[in-house]
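Given next are the chains, with one letter for each unit.
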Amino acid sequence: MRVISTHFGDPLQRRLGTYVERGGYEALKKAFSMGPDEVVETVKASGLRGRGGAGFPTGVKWSFMPKEATKPHYLLCNADESEPGTFKDRELMRWDPHQLIEGCLIAAYAIRAKHAYIYCRGEFFETNQVVARAVEDAYEKGYAGEDIFGSGNDIAVTVHQGAGAYICGEETGLMNSLEGRRGEPRVKPPFPAAVGVFGMPSTINNVETLAAVPHIVNNGEEWYRQWGTESSPGTKLFCVSGHINKPGNYELPLGFPLSELIDDVCGGIRNGNGLKAVIPGGSSVAILNSEEARRCRLDYEGCIDVGTMLGCASVIVMDDTTDIVKQVRRMVDFYAHESCGQCTPCREGSAWAAQIMKRIEIGEGTVEDLDTLMEVTEQMVGTTICVLSDSVAPPVQSSIQKFRADYLALISEQESAGAT
Amino acid sequence: MPEMVTLTIDGTEVKVPKGTTILEAAKQVGKVIPHYCYHPGMSSPAMCRMCLVDVEGAPKPQASCVTTVMENQVVDTESSASVANRRGVLEFYLVNHPLDCPICDMSGECDLQDFVHAEGRDHGRSVEPKRVFGRDDFGGDVLFYGDRCVMCTRCVRFMSEVEQDERLTVVERGNRSVIDTFFEKGLDGTEWHGNIVDICPVGALVSKEFLHKTRAWDLDHTPSICASCSQGCNIELHTAENLVQRVKPRENLEVNAWWMCDYGRHDYEWINHGQRIEAPLVRDATGSSRTTGWKDALTSLLEGASGLNGTSVQIVVSARGSNEDLAALTKLQDVMGGGDKVFRVSQADEESALPGFPTLARRKDLGPNVGGAELLGISRVGESDGTGGLEAVKDHDGIIIVLGDNLEDQDETFGANAGLYVYLGTHECAATKAAHLVLPVTTFAEQEGTFTNHEGRIQRFWPALQPPGMARPAWLILGAVLAELSEGVAPRSAAEAFMNLAEAVPALRGLTYEGMGLSGSVSETAQHASLD
């Protein structure tokens, strides 16, 4: 079952002509006839939740925008996909760029914005080119720009290529970056719907969220709700990587069992190995051990039930040959490298945690280091401007709690070496 | 009247205007919430995360520097979460801080040192090697010790928001981020960069001039007024061993806020200058001179004057003289028969305002009491470099009294024709050769008194140094002479001298010495002028 990934693998879909032949831009026309408020209501009723990681209801977010556009409004598409383990937005953009552009146009129309920015990750060279080309085509045929389809609606679309910083995927960091400033998250409040990019009311949505919008507008909220659960409706792309036989992007209804995803959809674990751990939502969420993974359902609530988060559904599967300490050390290194450096706990804490992890990995750790790690990462939760800092705690803490033996093995090796 | 909000901070109810931050509101109940990045004169990035406090109903601690007060809010700055957060942030700072307090200029007045002592852990848990940036010359008077930096970005924000000349920035990110200049441009040529040393909460930015000069705890702090222009910036003189070691701005939102210019900041060596006149000097008709005591000197003065009844008295004063000094001299002049009153002052080519606080500027008049001199009817003469204009005085054959003007442009013939030439000053020069009396007076740093700034604000200063030898304040010397001549009572304190002045000058009526306090009062005429 595919909604947004129907045309993955078909290069023809990138062409505007093909996209239109296959029913493209009909949703935009329909949206124009519905009026902005009805579009918002439809998306609200569909239960679509933000696919960037937080899972905030999209229609509700749109409804925060002022009803009268006394100032320019902006729609921002967050295409700065950079969570380790995630590769869904890139695929959505390179196979089906017009689906995203149409989603952006509908969303912009719904929030009364006349300008949509697609902030694309710097490293996505090919993707950038594909999307930029598609935007050019859309302009040429009058699907974007001034007076779209003669409807009187003006919506400009600009593709902006980032410079490759994880923090620019944080919504306000992205805004600063788009304005030409350092990519540093802003203090909230004010929230983007009041003061966003260029100081104007703005809404920011993930690529996957916006890609689903044309389908919801075309087919209605009930159609979308046929998949998923009551509180997590619809389908979701799962980026499965790691020690499985068939890694890749899989579009599945939310609420899909994780064990079925691994065993059936992805063809099981490589070499028939046992399952050691799964990270279900990208590097920022808690690691599951095999027992938890077996009973995890892949929707927002199901993940919370087993003590983790769905995040952006980047499923990283690790078999029983995996060195958990090394994996977590690499994640912490990533955060230390990507911290913008504003907030003290994140700037100092992430680098410090990375130093401790490195020491443990090379066999120079102590048992006290584990307590220090737990406390240091705890001190980084809820104390900073954005949640990059908070993201260090789940992998570190969950791995120490669930795979303590792995850590202790490295520590005791050192201790016994010291004894001889 | 702004709308008021009532809230409770640490159990104490407080009423503050709507829009006030929790951090500012807490100050009103005497609670300073520890912070680094926040400074009242600049925007708040809320990035140091020290000032997080518990707000009832909020899911997590709030940054008190950007969270504004709400009606019936209950704030706890000492909750276990707030204290744990501060303890945690302080430990994070020390992960890479070099703890080189023994050789750091900031030691003793450092916010990191103070807060760690107050609330930090006894022992840090970090055993990792520390990150090393080393030292960098930022140009101007500023040296940067990157390892001590807590990345509060106050300096970056001062340059971009207050001086509005972006010379500093943050480069790199994460814990590699560091303050830097733009290539080799640095701070050279900026006129207010000394302030970034003041606002640096730690020893990351230090003054080259003050580098390793004295320990902070050996300095005495005396409230004073900058004597370098007519703005009247409120300052503190930091002294040790009877020398001014450095000058720091003192907060006064009406005058200079938290800032002062580099020109005024570094213009203090003249106060320490040696070779002072230390004892009264009396020169007789034969040209031979003798140093003597005050009683003898004043007797000589009165004797010299008594033979000259009816001649005019020409006075030359300096714009560095206090209101009390100048008033004592003008009154004495009136009693002795009256005459011309002049002062000279150097001028800068142009005013140089601080863009982010434009009512503060290095004014054109490079003297602190031009306002006071003009209020007392003393006229400005001479060139803009503070020379010339004394042709009429120079050859005057009556009485000449010079107070404070160093007469450096004049030669030995100055006052040679005078019946009586009295020089009250700090240093001898060619033009004092003909003086019948050379009387040592104190500088503003050695006496109490007031200056009147460019907008008519009268501000007090306090003695920071011991005067050399027998030097005395001019108001005391001249007051004693006046008392003899008019059979009055000489003022015994600067307060009394000011009281005499306030009674005599209509514009100052109603002002009291005590009432001026630390931040000064605006005279009536100035208030009227601003109302017109």
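The structure contained in this document is the topic of the report that follows. (Residues numbered from 1 in each chain as written. Chains lettered and ligands numbered in written order. Predicted model: local features only at pLDDT ≥ 70, side-chain atom pairs only at ≥ 80, totals over all residues. Heavy atoms only, no water.)

1. Let's talk about empty space enclosed by the protein
Leftover empty space is mapped by rolling, across the atoms, a probe with the size of a water molecule. Residues and elements named next belong to chain B. For clarity, the cut-off: As defined here, a cavity is a set of points on a 1 Å grid over the protein atoms alone where a 1.4 Å probe fits but cannot get out. A pocket is an open set with protein on both sides within 12 Å along at least five of seven lines, and residues line them when an atom is within 4 Å of a point. Grid points are joined across faces, edges and corners, and a volume is the space filled by probe spheres set on the points. We count a stretch as a helix when DSSP gives it H or I for four or more residues in a row; a strand needs E for two or more, and each element gets its number in order from the N terminus. As a working rule, the residues Ala, Val, Leu, Ile, Met, Phe, Trp, Tyr, Cys and Pro are called nonpolar, Asp, Glu, Lys and Arg charged, and the rest polar, with Gly in that last group.
Taken as a whole and assessed by the stated rule, the structure comprises eight cavities of 30 Å³ or more. For the largest cavity, the calculated volume is near 200 Å³. Together, 19 residues line the largest cavity, and Val197, Ser207, Phe210, Arg246 and Lys248 are the ones closest to its centre. Elements represented by at least two residues in the lining of the largest cavity include exactly α5 (194-199), β10 (205-207), β13 (243-249) and α6 (262-266). Top contributing element to the lining of the largest cavity by residue count: β13, with four residues. When the residues that make up the lining of the largest cavity are grouped by side-chain class, the tally is seven nonpolar, four polar and eight charged. Here the second largest cavity defines a volume of roughly 90 Å³. What lines the second largest cavity is a set of 16 residues, and nearest its centre among them are Cys149, Cys152, Cys155, Cys200 and Leu205.

2. Details of the packing of aromatic side chains
Any pair of aromatic rings gets described here by the distance separating the centres and the angle formed by the planes. The criterion, for reference: Between the rings of Phe, Tyr and Trp (Trp by its six-membered ring), a pair exists once the centres lie within 6.5 Å; its type follows the angle of the planes, with under 30 degrees stacked, over 60 edge-to-face, and the other angles tilted. Buried residues are those whose accessible area, probed at 1.4 Å on protein chains only, stays under 20% of the maximum for their type, while exposed residues exceed 50% and partly exposed ones sit between those limits. We call a charge positioned over a ring when the NZ of a Lys or the CZ of an Arg lies within 6 Å of the ring centre and within 35 degrees of the ring normal.
If you walk through the whole model with that rule in mind, you get 26 aromatic pairs over all chains. With centroids separated by 6.0 Å and ring planes inclined at 55°, the aromatic side chains of Tyr117 of chain A and Phe198 of chain A adopt a geometry described as tilted. In this pair, Tyr117 of chain A sits in strand β2 (residues 115-120) while Phe198 of chain A sits in the loop between α8 (171-178) and β4 (202-206), placing the two residues 81 residues apart along the sequence. Relative accessible area serves as the criterion here: at 13%, Tyr117 of chain A is assigned to the buried category. According to the relative accessible area criterion, Phe198 of chain A is partly exposed, its value standing at 36%. Arranged with centres 5.5 Å apart and planes meeting at 65°, the rings of Phe414 of chain B and Tyr421 of chain B form a pair that is edge-to-face. Judged on exposure class, the residue Phe414 of chain B and its partner Tyr421 of chain B are both buried. Note that Arg320 of chain B overlies the ring of Trp270 of chain B, its terminal NZ or CZ placed 3.8 Å from the centroid. Of note, Arg362 of chain B hangs over the ring of Tyr263 of chain B, and the distance from its end group to the ring centre comes to 5.5 Å.

3. Let's talk about the pattern of salt bridges
All names here are of chain A. This is how the line gets drawn: Any Lys or Arg side-chain nitrogen found within 4 Å of a carboxyl oxygen on Asp or Glu counts as a salt bridge.
In total, this model carries 61 salt bridges over all chains according to the counting rule given. In this structure, Arg295 engages Glu291 in a salt bridge whose closest nitrogen and oxygen atoms are separated by 2.6 Å. Ionic pairing is found between Glu292 and Lys402, a salt bridge with its closest N-O pair at 3.0 Å. Taken together, the residues span a long stretch of sequence, with Glu292 in helix α12 (residues 290-294) and Lys402 in helix α17 (residues 393-402) at a distance of 110 residues. Residue classification places Lys402 among the partly exposed residues on the basis of a relative accessible area of 24%. Taken together, the shared-partner salt bridges connect Arg14, Arg90, Glu91, Arg94 and Glu126 into one network.

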